[in-house]
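Summary of the model geometry
Here is how the chains run, residue by residue.
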Amino acid sequence: MVPALVPAALTQHLPVLVVLLPAFTAIALLLLGDHGGDAHGGHAHPRLQWARRIGLASVLLGLLLAAVAVAQAAGGVLAAYRVGDWPAPYGIVLVVDRLSAMMLLLTSLVAVPVLWYASGGWDAHGRYFHAMFQFQLMGLNGAFVTGDLFNLFVFFEVLLIASYVLMVHGQGGQRFKVGLHYVVLNLCASALFLVGVSLLYARTGTLNLADLALRVPMVAAPDAAVVKAAALVLLVVFGFKAALAPLSLWLPATYAAAAAPVAALFAIMTKVGVYAIVRVHGVVFGPEAGASAFTVEPVLLPLALLTCGVGVLGAMAAHTLERLVAWLTVASVGTILVGVGLFGSAGWAASLYYLANSTLVVAGLFLLAELVASQRGDAADRLEPAVPVAQPVLLGSMMLLAAASAAGLPPLPGFIGKLLMLEAASAHAWQAAIWTTLLGVGFLTLVGLARAGSLLFWHVRDDAPGSTAGASPKLVSATLALLAATVAMSVWAAPIQRYTARAAAQLLDREAYARAVLGEAGLGAQTTRPYRFPPAPGSASGAAPAGEGGK
Amino acid sequence: MSMEFLVATGIGWIVACGIYLLLRGRTFTVVLGLTLLGYAVNVFIFAMGRLWAGAPPIVIGDGPFADPLPQALVLTAIVIGFATTGFVIELALRSRHDNGSDHVDARPDAAQGAQGAGPAAAGPGTGGGQ
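Every chain is numbered on its own, with residues counted from 1 as its sequence reads. Labels follow written order: the first chain is A, the first ligand is 1, and so on. Only residues with pLDDT of 70 or above have their local features reported here, since the model is predicted, and side-chain atom pairs are shown and tallied only from 80 upward, although totals for entire chains, interfaces and linings are computed over all residues.

Digging into the overall build of chain A
What chain A contains, in helices and strands, is 20 helices and two strands. For chain A, the spread of C-alpha atoms along the principal axes amounts to about 85 × 55 × 50 Å. Scored against the burial criterion, the 551 residues of chain A give a buried share of 59%. Helix and strand definitions here come from DSSP, where helices need a minimum of 4 consecutive H or I residues and strands a minimum of 2 consecutive E residues; each element is numbered from the N-terminal end. Once C-beta atoms are placed from the backbone, each residue is buried if 20 or more other C-beta atoms lie within 10 Å of its own, exposed if 12 or fewer, and partly exposed for counts between those two.

So, in structure tokens, the structure goes:
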């Protein structure tokens, strides 16, 4: 699948390159320095111009790397990269399988238009925007390729720290207030993450995901309670990142307060939570996890359905367009997690397809919301009659396209994704609830967006003079690129759907994953658990079967 | 009383204090709460390698040795916790500067006196309680 002109060294080091590229770009951008402007200016500063060029070149290169990763993974290659060539369960390992490659490509597909949009002026409203953007990409890419739970935590922190700074980019009291909530909530989630990770380590003696997938089934019934508790703690953490109800209330306030390009980039951040749920709860605690199998199944599906409901009701009640889009993000995460909660390859395949589509649509909608707001004078993005926008046809048709895709109208990919999901749920015990919710969410999304659209474009006040300045071509082209990507997903629906189906099937094949990461020897090897070496009095009586190999 | 019991109750007590501080209405106490929570979690990670006396985290002959991995993990967690605490303090200062209040919801200080000084000041209806 990989074209011959790609050098072998590149494909070999690909898993680490996707992390190193934004890391080095970010460092270079920090060394380049800042334009030194405050919240108002520095538009034409040469340093900013250079930062834009370097940043854009880097994300385009990242897009190329991600495309190579997808081409490689589509052929069935499971690329495991052992950093420093340390053997797998002990050293750091980066893995690119179909799911990781897809998430990398999706990140790049969002990052390129968003950075292009931000270069239209947003990046001048604060300091070090481009460096932080790259750090955020580094965290995202790292979280998608890491093959071990602790490094997932580290990359979560990298992307979160960058997101804290991006969140308050552009400043203003409101942003600092909401930013503080966001940071404090995320720090609590990080603390819980560490608790979950260490509980899991205490019982299995490993944090490598491939190794965990082999060890967790070996934990017998009484001890499995600890492992299950760890799984549920981790569900709280990942559910918080993904905005799974009832932990979704932070999202609309945060995303609505953030600058448009930042909110658009954050659209992929909730998907990191979804990704982690699939990797940890779907695979490690999945169908073959012995006594801990399907630990989160009884809670995940109802909560996902609840998330759909909460999100769409929030969207109906929203007073501003940005808040409406933010609530739609919550509803889309709910829809994705419904598919994940089905715990089968068909549900996951549908879920992954819908995930790719909804991320692009939501990112496009965030950018579009700002384009519309900037042409409505003082009313901005509040949903109330105001002056007509300068470009009603252009913005209106973009809104229509985005709304149709978000609501899942044929022939747009939102429809295909939902159809696949309905099909996957057709024999499920919860079929009635799932079908009702998914179809209801689609309908209410359409109502919510139609209400917003008619208010924004038709209920105009003719007594006030409208603004005449149209949006700059740069901003429009960035938004169009994201919406065009969703249309492309519809055109190439068959190959993409085949890819996500294979990605889901690959996820369920734990043996192959373990073989690629740990090697043939790793399959049978026991993880070292030195503290079990002498049966010391007073120490916890570890009964995990993983402990035989106390070296 | 075993060492395990002491450490476990200690962690529990620090978490309880951390959560209490976290739910207060002023950013300063919230930061203190986060710090306490971080300490408790760090000790928790450390304890997940089991508690050992007189066992170095390296292999020396046949003697007992402690698990070095949680110690490495805890180092990473401490570094990250330190960095994020620094950031959250700076953010709290900027929020106070821009909003004129160090309340977590950026309520103006004038509204303080009118509302009761309840002990739990996190709810949307209560004041700072300082």
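Examining the overall build of chain B
The helix and strand tally for chain B stands at three helices and zero strands. When its helices and strands are written in sequence order, chain B yields α-α-α. Counting the 130 residues in chain B, one finds 37% classified as buried. In chain B, the share of contacts with a sequence separation of at least 24, taken over all contacts with a separation of at least 6, comes to 46%. Residues are treated as contacting if the C-beta atoms built from their backbones sit within 7 Å of each other.

A few points about the interface of chain A and chain B
Counting from both sides, the interface comprises 28 residues of chain A and, opposite them, 35 residues of chain B. Secondary-structure elements contributing two or more residues to the side of chain A that touches chain B are α5 (149-167) and α6 (173-204) of chain A. Residue polarity follows a fixed list, in which Ala, Val, Leu, Ile, Met, Phe, Trp, Tyr, Cys and Pro are nonpolar, Asp, Glu, Lys and Arg are charged, and the others, Gly among them, are polar. Considered class by class, the residues forming the side of chain A that touches chain B number 21 nonpolar, five polar and two charged.

A word on the environment of Ile161(A)
Turning to its location among the elements, Ile161(A) is positioned in helix α5. Judged by C-beta crowding, with 20 C-beta atoms within 10 Å, Ile161(A) ranks as buried. Distance from Ile161(A) to Arg82(A), taken between C-alpha atoms, is 26 Å for residues 79 residues apart in sequence. Residues in contact with Ile161(A), not counting those within four places in the same chain, are Ala83(B), Thr84(B) and Phe87(B).

A closer look at α6(A)
Residue and element names in this part refer to chain A. Between its terminal C-alpha atoms α6 stretches 46 Å, which fits the 46 Å expected from 32 residues at 1.5 Å a residue. When you tally the buried positions in α6, you get 26 out of 32 residues, the bulk of the element. Gly205 occupies a position one or two residues after α6 and carries a positive phi of about 70°. To estimate how far a helix should extend, the number of its residues minus one is multiplied by 1.5 Å.

A short note on the confidence of the model for chain B
Should the pLDDT be low somewhere, the predicted coordinates at that spot are not to be read in detail. All names here are of chain B. As a per-residue measure, pLDDT tells how confident the predictor is, with possible values from 0 to 100. Scored by pLDDT, chain B comes out at a mean of 81, with 82% of its residues at no less than 70. Every residue in residues 112-130 scores below 50 in pLDDT, and together they form 30 contacts with partners more than four places removed in sequence or on other chains. At the level of chain-chain contacts, confidence expressed as ipTM amounts to 0.84, with global pTM at 0.90.

Side note on the environment of Leu115(A)
Residues and elements named next belong to chain A. Secondary-structure assignment places Leu115 in helix α3 (residues 98-118). Judged by local crowding, Leu115 falls into the buried class, with 25 C-beta atoms found within 10 Å. Expressed as a C-alpha distance, the spacing of Leu115 and Gln134, which sit 19 residues apart in the sequence, is 9.9 Å.

Focus on helix α4 (residues 129-145) of chain A
For α4(A), with 17 residues, the first-to-last C-alpha span of 24 Å sits near the 24 Å given by 1.5 Å per residue. Counting buried positions along α4(A) yields 17 of 17 residues, so the element is predominantly enclosed.

Some points on the environment of Gly364(A)
All names here are of chain A. Mapped onto the secondary structure, Gly364 falls in helix α14 (residues 345-374). Along the backbone, Gly364 and Ile434 are 70 residues apart, and their C-alpha atoms lie at a distance of 27 Å. Beyond its immediate stretch of four places on either side in the chain, Gly364 contacts Ala402, Thr479, Leu482 and Leu483.

As for the packing of α3(A) against α4(A)
Two packed helices can be described by the angle between their axes and the distance between those axes. All names here are of chain A. Between N-to-C directions, angles span 0 to 180 degrees; the directions come from axes that are lines fitted to C-alpha atoms, helices contributing only their stretch in contact. Taken N-terminus to C-terminus, the directions of α3 and α4 make an angle of 170°; their axes are 9 Å apart at the nearest point. In terms of orientation, α3 and α4 fall into the roughly antiparallel class. Contacts between α3 and α4 involve Ser100, Met103, Leu104, Thr107, Ala111, Leu115 and Ala118 on the former and, on the latter, Phe129, Phe133, Leu137, Leu140, Asn141, Phe144 and Val145. Within the contact of α3 with α4, the residues separate by chemical class into 11 nonpolar, three polar and no charged. Here the angle decides the label: under 35 degrees means roughly parallel, over 145 means roughly antiparallel, 65 to 115 means roughly perpendicular, and every other value means oblique.

Comments concerning the packing of helix α1 (residues 3-22) of chain B against helix α2 (residues 27-47) of chain B
Residue and element names in this part refer to chain B. At a minimum axis distance of 7 Å, the contact between α1 and α2 shows a crossing angle of 160°. In terms of their interaxial angle, α1 and α2 are classed as roughly antiparallel. Between α1 and α2 lies a crossing whose hand is left-handed. Residues Val7, Ile11, Ile14, Val15, Cys17, Gly18, Ile19, Leu21 and Leu22 of α1 lie in contact with α2, whose contacting residues are Thr29, Val30, Leu32, Gly33, Leu34, Leu36, Leu37, Tyr39, Ala40, Val43, Phe44 and Ala47. Residue classes in the contact of α1 with α2 are distributed as 18 nonpolar, three polar and no charged. Here a crossing is called left-handed whenever its near helix is offset anticlockwise from the far helix by less than a right angle, and right-handed whenever the offset is clockwise.

Here we look at unusual backbone geometry
Residues and elements named next belong to chain A. Following Ala245, the chain continues into Pro246 via a peptide bond in cis, with omega recorded as 0°. Turning to its location among the elements, Pro246 is positioned in the loop between α8 (221-242) and α9 (250-257). Looking along the chain, the bond that leaves Pro410 and enters Pro411 is cis, with omega of 5°. With respect to the helices and strands, the residue Pro411 is situated in the loop between α15 (392-407) and α16 (413-424). Backbone geometry places Tyr128, a non-glycine residue, at a positive phi of 55°.

Notes on the nonpolar core
All names here are of chain A. Only buried Ala, Val, Leu, Ile, Met, Phe, Trp, Tyr and Cys residues enter a nonpolar core, and they are joined through C-beta atoms within 7 Å. Ala69, Met102, Val110 and Phe366 are the most contacted members of the largest nonpolar core, which totals 240 residues. Looking at which element gives the most residues to this core, the answer is α14, with 19 residues. In this structure, Ala69 is in contact with Leu14, Val18, Val96, Ala101 and Leu104, ignoring residues within four places of it in sequence.

Side note on the confidence of the model for chain A
Residues and elements named next belong to chain A. Overall, the prediction assigns chain A a mean pLDDT of 87, with 91% of residues at 70 or greater. For chain A, per-element mean pLDDT is lowest for helix α20 (residues 510-524), which scores 81, and highest for α3, which scores 96. Contacts of residues 530-551 to residues separated by more than four positions or lying in other chains number 46 contacts, the stretch itself having pLDDT below 50.

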